[in-house]
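Descriptive structure summary
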Amino acid sequence: MGLLSKKDRKLILDPLADDNPITIQVLGICSALAITAQLKASIVMTISVIFVLGLGNVVISLIRNIIPSKIRIIVQLTVVASLVIIVDQVLKAFSYQLSKELGAFIGLIITNCIIMGRFEAFALGNGPWKSFLDGVGNALGYGIILIIVGFFRELLGSGTLLGFKVLGDPINKTGLYAIGYENNGFMLLAPMALIVVGIIIWVQRTRNKALIED
Amino acid sequence: MSNKTDSNVYTLLFAIGMVVVVGALLAFVAQTLKPTIDENKRIEKQQNILYAMGVNENDESSAIFIADKVVGAEFKKYITKQLVITNKTNVEEDAQAYLIDVKKEQAQAKEGKERRLPLFVGEKDGKTYYVAPIRGKGLWDAVWGYVAMNEKMVVQGAYFDHKGETAGLGANIKERYFMDDFIGEHLLDASGNFAGIAISKSNGDPLNKDKTDNEVDAIAGATITGDGVAAMIKSELKLYVPYFKTLKN
């Protein structure tokens, strides 16, 4: 028997594709638009969301039976805000340059609908282990889209990946730039993130017709 | 049957308990990490000052600071004096001048109080550098930096940073292709009056060969951030002009 049961694996794997929080549930779109101009920001945001959503789901699950229903949203918001502050402080202490580069992006995790959505829809009704898996699965599903969008936006917008020049030098006209290629500045603007997400949704639904709604 | 968690008293007690627990947890985390964060900020200031005067690990195109481990020793080696200027030309030495918070000093000046202007004097390869910290507003939040000058207020190096400018656009003020453009630019005009450096979209000099036009080429799609940098240079470095005039004399 493996480490994870079939149901546990489903909790992790479903949000990666057929129940993806961004492309299927259409949640977390705002941060997907805001932070994906660079691949590095997408990766760090993914790691941070895995921490916040995984641990947040466990905390909410552990206290789910003692949370007063009248203030449950405030309690959930407090948990997510606290975890985000901890992530921010830890990054400032142990990865200062990275924390500066991400700046407001880390704070944006608080506004991510996926987190409150999973607290409300899953952690309030399930045990800590399942909630943890659900949190990690959904954060990974969110992160995969962020990384794909970040990859294309940075590559086509800046000609770099993780800051490394992969298409050549635009100033000295080497690599692709030598044959007339120019970076597409539109890729760095938020609307292009929406278009890339739209293309991913189109590709996903073309490959799996069951995802197409009537 | 009503649930006990639905009662108002329980809800109130839960809320109070949650605030106490969360507050204590966050206070503990903040207090535990504060010394490390403060140390990071202190190291960063030294790295910024050294970067502006050309003490860095830059490769062909990337802006890279000297390593955290050596920055203290390098700072002592290259920065020969730390000055605090008050009342335009009154100069005092202060070994902790690099810790002066420019934002707080700007706020003091707005309240009509005297503002302290830190200036770092560095020696490298027989040349003297005067490095001044600057701070202003970008599109979304603060922008700041350090400008190294010679005694004629000709820029010898610059480092810019920001709190939250748009990645790929305004955030590019901390890219080398932008910062390096400032090297050699004159802050004074032909008559010797302070002119600053404009971030221009139409200067007709994208390779920045003319160093006396008081202009550098703008970043596409970052007009407001660029204007913020130009305004910051103009308003902040102007304050140092009386001191630099004393150097010429």
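Residues numbered from 1 in each chain as written. Chains lettered and ligands numbered in written order. Predicted model: local features only at pLDDT ≥ 70, side-chain atom pairs only at ≥ 80, totals over all residues. Heavy atoms only, no water.

Going by what an unreviewed UniProt entry lists, chain B is known as Na(+)-translocating NADH-quinone reductase subunit C and is assigned to Flavivirga eckloniae. According to UniProt, the comment filed for chain B under the heading Subunit (unreviewed entry) is "Composed of six subunits; NqrA, NqrB, NqrC, NqrD, NqrE and NqrF." What UniProt states about chain B under its Function (unreviewed entry) heading is, verbatim, "NQR complex catalyzes the reduction of ubiquinone-1 to ubiquinol by two successive reactions, coupled with the transport of Na(+) ions from the cytoplasm to the periplasm. NqrA to NqrE are probably involved in the second step, the conversion of ubisemiquinone to ubiquinol." (UniProt positions renumbered as here; feature names shortened; annotations may be inferred.)

Per an unreviewed UniProt entry, the recorded name for chain A is Na(+)-translocating NADH-quinone reductase subunit D, and the organism is Flavivirga eckloniae. If you open the UniProt record of chain A and go to Catalytic activity (unreviewed entry), you find "a ubiquinone + n Na(+)(in) + NADH + H(+) = a ubiquinol + n Na(+)(out) + NAD(+)". Under the heading Sequence similarities (unreviewed entry), UniProt records this for chain A: "Belongs to the NqrDE/RnfAE family."

All names here are of chain A. Those places that UniProt annotates as "transmembrane region" (unreviewed entry) correspond, in this numbering, to residues 43-67, 73-90, 102-119, 139-164 and 185-204. Counting secondary structure, residues 43-67 comes out at 80% helix and 0% strand; the distance between its end C-alpha atoms is 33 Å. With 77% helix and 12% strand, the stretch residues 139-164 has end C-alpha atoms that lie 26 Å from each other. (Helix = DSSP H or I, 4+ residues; strand = E, 2+ residues; numbered from the N terminus.)

Residues and elements named next belong to chain A. Along the chain, Asn208 falls in the segment after helix 9 (190-207). Residue Asn208 is classed as partly exposed on the basis of its relative accessible area, which comes to 22%. Note: C-alpha distance between Asn208 and Asp18 (190 residues apart in sequence) is 8.5 Å. (Buried < 20%, exposed > 50% of the residue type's maximum accessible area, 1.4 Å probe, protein only.)

The next point concerns unusual backbone geometry. Negative phi values dominate among residues other than glycine, just as trans dominates among peptide bonds. Residue and element names in this part refer to chain A. Its identity as a non-glycine residue notwithstanding, Val26 has a phi of 50 degrees, on the positive side. In this structure, Val26 sits in the loop between helix 1 (6-13) and helix 2 (29-34). Residue Val26 is classed as partly exposed on the basis of its relative accessible area, which comes to 49%. Unlike most non-glycine residues, Leu162 shows phi in positive territory, near 55 degrees. Of note, Leu162 is situated in the loop between strand 1 (160-161) and strand 2 (164-165).

A few words on helix 3 (residues 102-110) of chain B. All names here are of chain B. Looking at helix 3, one finds that the buried residues are Val102, Glu105 and Gln106. Seen along its axis, helix 3 keeps its buried residues to an arc of 100 degrees; they face one direction. For helix 3, exposure combined with an orientation more than 90 degrees from the buried face picks out Lys104 and Lys110. Its buried side turned inward, helix 3 meets strand 4 (127-137) and helix 5 (223-237). Of the residues flanking the end of helix 3, it is Gly112, one or two places downstream, whose phi is positive at about 85 degrees. (Arc of directions from axis to C-beta. Contact = heavy atoms within 4.5 Å.)

Residues and elements named next belong to chain A. This structure, assessed with the given rule, holds one cavity of 30 Å³ or more. Reported here for the largest cavity is a volume of approximately 40 Å³. As for the largest cavity, its lining consists of Gly28, Cys30, Ser31, Leu108, Thr111, Asn112 and Cys113. In terms of residue class, the lining of the largest cavity is built from three nonpolar, four polar and no charged. (1 Å grid on protein atoms, 1.4 Å probe; cavity = no way out; pocket = protein on both sides within 12 Å on 5 of 7 lines; lining within 4 Å. Points joined across faces, edges and corners; volume = space filled by probe spheres on them. Nonpolar A, V, L, I, M, F, W, Y, C, P; charged D, E, K, R; others polar.)

Now for the nonpolar core. With 50 residues, the main nonpolar core has Ile22, Val52, Ile109 and Phe119 of chain A as its most contacted residues. Those elements giving two or more residues to this core turn out to be helix 2, helix 3 (39-62), helix 4 (72-94), helix 6 (104-107), helix 7 (113-121), helix 8 (128-158) and helix 9 of chain A together with helix 1 (8-52) of chain B. The dominant element in this core, judged by the number of residues it contributes, is helix 4 of chain A, at nine residues. The contacts of Ile22 of chain A, once residues within four sequence positions are left out, are Leu27, Gly28, Ile29, Ala32, Ile114, Tyr142, Ile145, Leu146 and Val197 of chain A. Ranked by size, the runner-up nonpolar core spans 39 residues in total, among them Ala158, Val229, Ile233 and Val241 of chain B. (Core = buried A, V, L, I, M, F, W, Y, C linked by side-chain atoms within 4.5 Å.)

Take the side chain of Asn40 of chain B next. Along the chain, Asn40 of chain B turns up in helix 1. Given the relative accessible area of 14%, Asn40 of chain B is considered buried. Not counting residues up to four positions away in its chain, the partners in contact with Asn40 of chain B are Lys92, Ala93 and Tyr96 of chain A.

Moving on to the pairing of strand 3 (residues 117-124) of chain B. Residues and elements named next belong to chain B. Counting buried positions along strand 3 yields seven of eight residues, so the element is predominantly enclosed. Relative to strand 3, strand 1 (residues 79-86) runs antiparallel, the two sharing six bridges. The residue bridging Gln82 from the neighbouring strand is Phe120, located in strand 3. Here strand 3 pairs with strand 4 via five bridges, running antiparallel. Within strand 4, the position partnered with Lys124 by the bridge is Lys127. Where strand 3 folds back onto strand 4 in an antiparallel hairpin, the turn is made up of two residues, including Asp125, whose phi is positive at roughly 50 degrees. (Pairing = 2+ DSSP bridges.)

Moving on, we get to the UniProt feature "transmembrane region" (unreviewed entry) in chain B. Mapped onto the present numbering, the UniProt feature "transmembrane region" (unreviewed entry) falls on residues 12-33 of chain B. With 100% helix and 0% strand, residues 12-33 of chain B has its two end C-alpha atoms placed 32 Å apart.

With that out of the way, let us pick up the UniProt feature "domain: FMN-binding" (unreviewed entry) in chain B. Under the feature "domain: FMN-binding" (unreviewed entry), the UniProt entry names residues 138-240 of chain B. Strand forms 21% of residues 138-240 of chain B and helix 18%; the C-alpha atoms that close the span are 22 Å apart.

Time to look at the packing of helix 3 of chain A against helix 8 of chain A. Residues and elements named next belong to chain A. Where helix 3 meets helix 8, the axes come as close as 8 Å, and the angle between the chain directions of the two elements is 165 degrees. One way to sum up the angle between helix 3 and helix 8 is to call them roughly antiparallel. Pair helix 3 / helix 8 crosses with right-handed handedness. Grouping the amino acids of the contact of helix 3 with helix 8 by side-chain chemistry returns 17 nonpolar, 10 polar and three charged. (Axes fitted to C-alpha atoms, helices over the stretch in contact; angles between N-to-C directions. Parallel < 35°, antiparallel > 145°, perpendicular 65-115°, else oblique. Left-handed = near helix turned anticlockwise from the far one by under 90°.)

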